[in-house]
Amino acid sequence: MTTDRVAGGALALLALVVVEECWRGRLPFGTLAVPGPAYVPILLATVLFASGILIVAFGRGAPAVGAAGWSEWRHSLAIVATCAFVALAIERLGYRSTIVIACGFLIGVVERRHPVAAALVAIGLATGTYYLFDTLLRVQLPRGPFGL
Amino acid sequence: MLETLSNLGLGFSVALSPPILMYAFVGCLVGTLVGVLPGVGPLAGISLLLPATFGLDATRAIVMLAGIYYGAMYGGSTTSILMRIPGEAASVMTCIDGYAMARKGRAGAALAIAAVGSYIAGTASVVGLMLLAPPLADFALRFGPPEHLALLLLGLLVLAYMSSGSMLKSLAMAAFGLLLGMVGIDQMSGYFRFAYGVVELGDGLGVVPVAVGLFGVAEILATAGQPTAPKVIKPRLRELLPSRQEWRESIAPIGRGTVLGFLVGILPGSAHIISSFVSYAVEKRVSRHPEQFGHGAVAGVAGPESANNAATSGAMVPMLALGVPSGPIPAVMLAAMMVHGVSPGPLLIQQQPALFWGFIASMYVGNVVLLVLNLPLVGLFVNILRVPYPYLYPAILVFSILGVYAVNGSVVDVWIMLLMGVLGWVLRKLDFETAPIVLGVVLAPLIELSMRQSLAMSDGSYMIFLTRPIAVVLLAVGAVLVLMNLYTFLGRRLDWRARLAMAEKGEEAP
């Protein structure tokens, strides 16, 4: 499979999902004179579907999916997992604790740097950015247990 | 003309007040840092730092964000010249001859030429912005919903045409971005669309999480695992002054780059990248020694650097005068202005002259600040480049999360950023451009509103778009672009866009 064929197929499928969602959500299509909330999404889904099919049709000469170079996927997965942890924990553990854990994990575990350096950088980043945004710029950041 | 000068006087009275001057300085400094860091371009930089401006009034916030914008364009040249890594995409062409000059021991001269060229181009193009934006805004007052829709569609078509990849793929990405922009409550009927029960999605997908995800996080995902640590050439301060010969060789390219960059900047598309590419090609064509290009030609630095900075001001013209962003960076600037209660468009100049002219004047001041900042502090910026990437990217990631979370104080935005980051990474692997997605998200509500209003006006007849002269001309230009692309595609020709794509990937054209 080539990259264009995979991507084009995914786009066409997404267009069908949009149409199905309009139908399932009972969004009125309206009339030409008074278009409803589903009118423009379905129009766009049609354009997306047509584009997806054309990309598939002309996608024979594109590189194979495997040749796109995915060697960094383990690293990327670790970063995505860390971000997901931040999204889950930031309002439970507080900004500073969450960032210390996330940065400590990325630098110390994923990047395999010296634990002391990882801890220092993580604590510095968390407290520094908290001071800059929360204290100086008054952008309220979440606090967790013990006010951290 | 007298009126323009008196307005500019008003602008300088705003821009030279100490607080505005300070925010211009901070914006330029932060922007330069953002531009220097590989992977954090002006788009991600503005998005990340938008929450930091929430406590400021509109003028200060916009002056600071504009400073970040052109500061990042300046800063991008430093990594290009010293490391052969473009700090942002527009500096790709500077890498070639800038790095070659650095290897010959002329790093300081290359940096000075880039800084002076950027200063001249930045200042001259602000004159163009000042003269062109008010009459364009007057003209735009004649626009009704059909003309507005035609203009927005033309913007998307030009962006797709100008992109270095396939126009079809770019159009598909624009349609995808427009669909993402449909998420949330429908403005006209109040229906919830594609929100899957998530209340926070009622206001739609924010531009900031989408832009930071697609550009900032995707870049980190793509580069964090790569073996890095490229060599940084450190220039000596006493070598910063170019020789008389180098000055002579740079004057004409700076002039050509300025005019070309400004004109390309007005057009929708990735103006900075295109302007620097076109400028490089022009300089090589007109040079008496084209064989020097690639081996440290002064014109190969002066032209593209001037062009990409002139394009910054050019891109402001349609945004300020028409309220239509010409690319993803002006789109985020537009969103930032809206956050601060400013609606760019034809009425901005009339209703908020102090803000508009203060902004214009601050750009003159900002260019001086950048020139003063860039050369003496180059040593400091070089030291930042020496921070190992395993320490640098977690910091960028923290700023990304912080910037996105702080906009609405919502974790949902962090999830959107993460999803967009993964999507952006995958799309890059599949050779799809992500800039049209951001533009689509910004333009979606405007396009939908104009379309539904136009159809209501015409009682459901699409002929309304073909009976109003301005709309017809705009749509005809769009159709010509599609036909031009078809002509290239069917003839299997290698046009300038294909060569630009190859240059961005570091490949040689056959």
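Cut-offs used in this document
- Residues numbered from 1 in each chain as written.
- Chains lettered and ligands numbered in written order.
- Predicted model: local features only at pLDDT ≥ 70, side-chain atom pairs only at ≥ 80, totals over all residues.
- Heavy atoms only, no water.
- Salt bridge = Lys/Arg side-chain N within 4 Å of Asp/Glu carboxyl O.
- Helix = DSSP H or I, 4+ residues; strand = E, 2+ residues; numbered from the N terminus.
- Patch = residues over 30% accessible without salt bridge, like charges linked within 9 Å, V, L, I, M, F, W, Y side chains within 5 Å.
- Areas by Shrake-Rupley, 256 points an atom, 1.4 Å probe, with all protein chains shown as cover.
- Buried < 20%, exposed > 50% of the residue type's maximum accessible area, 1.4 Å probe, protein only.
- pLDDT = per-residue confidence, 0-100.
- Core = buried A, V, L, I, M, F, W, Y, C linked by side-chain atoms within 4.5 Å.
- Contact = heavy atoms within 4.5 Å.
- Expected span 1.5 Å × (residues − 1).
- Bend = angle between axes of the 7 residues up to and from the residue.
- Phe/Tyr/Trp six-rings, centres within 6.5 Å; stacked < 30°, edge-to-face > 60°.
- Lys NZ or Arg CZ within 6 Å of the ring centre and 35° of its normal.
- Buried area = accessible area lost by both parts, 1.4 Å probe.
- Polar contact = N/O pair within 3.5 Å; in protein donor to acceptor, adjacent residues only side chain to side chain.
- Nonpolar A, V, L, I, M, F, W, Y, C, P; charged D, E, K, R; others polar.
- Axes fitted to C-alpha atoms, helices over the stretch in contact; angles between N-to-C directions.
- Parallel < 35°, antiparallel > 145°, perpendicular 65-115°, else oblique.
- Left-handed = near helix turned anticlockwise from the far one by under 90°.

### What about the pattern of salt bridges?
Right, on to step 1. Applying the stated criterion across every chain, the model contains 14 salt bridges over all chains.
Right, on to step 2. We note a salt bridge from Glu21 of chain A to Arg24 of chain A, for which the minimum N-O separation is 2.9 Å. Highlighted residues: Glu21 of chain A and Arg24 of chain A, both in helix α1 (residues 3-24), separated by three residues, approximately one helical turn.
Right, on to step 3. Arg256 of chain B is paired through a salt bridge with Glu283 of chain B; the nearest N and O atoms lie 2.8 Å apart. Note that Arg256 of chain B is positioned in helix α10 (residues 244-266) and Glu283 of chain B in helix α11 (residues 271-286), a separation of 27 residues in sequence.
Right, on to step 4. Connected through shared salt-bridge partners, Asp186, Arg193, Glu448 and Arg452 of chain B make up one network.

### Quick look at a nonpolar patch on the surface
Right, on to step 1. Together, Leu54 and Phe58 of chain A together with Val482, Leu483, Leu486, Phe489 and Leu490 of chain B make up a nonpolar patch on the protein surface, roughly 670 Å² of accessible area in all.
Right, on to step 2. With respect to the helices and strands, the residue Val482 of chain B is situated in helix α21 (residues 469-490).
Right, on to step 3. With a relative accessible area of 32%, Val482 of chain B lands in the partly exposed category.

### Quick notes on the confidence of the model for chain B
Residue and element names in this part refer to chain B.
Right, on to step 1. Of the residues in chain B, 89% reach a pLDDT of 70 or more, and the chain-wide mean stands at 82.
Right, on to step 2. Element-level pLDDT for chain B is lowest in helix α22 (residues 496-504), with a mean of 62, against a maximum mean of 94 in helix α18 (residues 411-429).
Right, on to step 3. Predicted as a complex, the structure gets a pTM of 0.79 and an ipTM equal to 0.94.

### Remarks on the nonpolar core
Right, on to step 1. Membership of the largest hydrophobic core comes to 170 residues, with the highest contact counts inside it found for Ile79 of chain A together with Leu129, Met316, Leu320 and Ile360 of chain B.
Right, on to step 2. Residues in contact with Leu320 of chain B, not counting those within four places in the same chain, are Leu129, Met337, Pro344, Gly345, Leu348, Phe356 and Phe359 of chain B.
Right, on to step 3. Counting 16 residues, the second-largest nonpolar core is a separate cluster that includes Ala102, Leu111, Val298 and Val382 of chain B.

### Structural notes on helix α3 (residues 73-93) of chain A
Right, on to step 1. Counted at 1.5 Å a residue, the expected span for α3 of chain A with its 21 residues is 30 Å, and the 28 Å between its end C-alpha atoms agrees.
Right, on to step 2. Bending of α3 of chain A peaks at approximately 30° at the position of Ala87 of chain A.
Right, on to step 3. Where α3 of chain A is concerned, the buried positions are His75, Ser76, Ala78, Ile79, Thr82, Cys83, Ala84, Val86, Ala87, Ala89 and Ile90 of chain A.
Right, on to step 4. Structurally, α3 of chain A contributes buried residues whose contacts are with α4 (95-110) of chain A together with α9 (207-223), α17 (389-408) and α18 of chain B.

### Section: the packing of aromatic side chains
Right, on to step 1. Going through the model one piece at a time under the given rule, you end up with eight aromatic pairs over all chains.
Right, on to step 2. Pairing Phe29 of chain A with Tyr39 of chain A gives two aromatic rings, centres 5.1 Å apart and planes at 45°, and the pair type is tilted. In this pair, Phe29 of chain A is assigned in the loop between α1 and α2 (39-57) and Tyr39 of chain A in helix α2, connecting sequence segments 10 residues apart.
Right, on to step 3. With a relative accessible area of 39%, Phe29 of chain A lands in the partly exposed category.
Right, on to step 4. Aromatic side chains Tyr462 of chain B and Phe465 of chain B sit 6.1 Å apart centroid to centroid with 45° between the ring planes, which places their arrangement in the tilted category.
Right, on to step 5. Look at Tyr462 of chain B and you get partly exposed, because its relative accessible area is 34%.
Right, on to step 6. One cation-aromatic arrangement involves Arg96 of chain A over Tyr130 of chain A; the distance from NZ or CZ to the ring centre is 3.7 Å.

### With respect to the interface of chain B and chain A
Right, on to step 1. Contacts between chain B and chain A engage 57 residues on the former and 63 residues on the latter.
Right, on to step 2. Counting each side, the surface lost to burial between chain B and chain A is near 5,400 Å², with a carbon and sulfur contribution of 80%.
Right, on to step 3. Taken together, the links from chain B to chain A amount to two salt bridges.
Right, on to step 4. For the salt bridge of Glu72 of chain A with Lys429 of chain B, the shortest nitrogen-to-oxygen distance reads 2.7 Å.
Right, on to step 5. Our count for the contact surface shared by chain B and chain A stands at 10 residue pairs in polar contact (both at pLDDT 80 or more).
Right, on to step 6. Among the residues making up the side of chain B that touches chain A, the classes are represented as 45 nonpolar, five polar and seven charged.

### Looking at the packing of helix α4 (residues 58-83) of chain B against helix α6 (residues 107-140) of chain B
All names here are of chain B.
Right, on to step 1. Where α4 meets α6, the axes come as close as 10 Å, and the angle between the chain directions of the two elements is 160°. Judged by the inter-axis angle, α4 sits roughly antiparallel to α6. The handedness of the crossing between α4 and α6 is right-handed. Seen from α4, the contacting residues are Tyr74, Ser77, Thr78, Ile81 and Leu82; seen from α6, they are Ala107, Ala110, Leu111, Ala114, Ala115, Ser118 and Tyr119.
Right, on to step 2. Taken together, the residues of the contact of α4 with α6 sort by class into nine nonpolar, three polar and no charged.

### With respect to the environment of Trp70 of chain A
Right, on to step 1. Looking at where Trp70 of chain A falls in the secondary structure, it is placed in the loop between α2 and α3.
Right, on to step 2. Taking the C-alpha atoms as reference points, Trp70 of chain A and Ile55 of chain A, separated by 15 residues in sequence, lie 22 Å from one another.
Right, on to step 3. Trp70 of chain A has contacts with Val65 of chain A together with Trp425, Val426, Lys429 and Leu430 of chain B, leaving out every residue within four places of it along the chain.

### Quick word on unusual backbone geometry
Right, on to step 1. One non-glycine residue, Arg112 of chain A, adopts positive backbone phi at about 55°.
Right, on to step 2. Note on placement: Arg112 of chain A falls in the loop between α4 and α5 (115-136).

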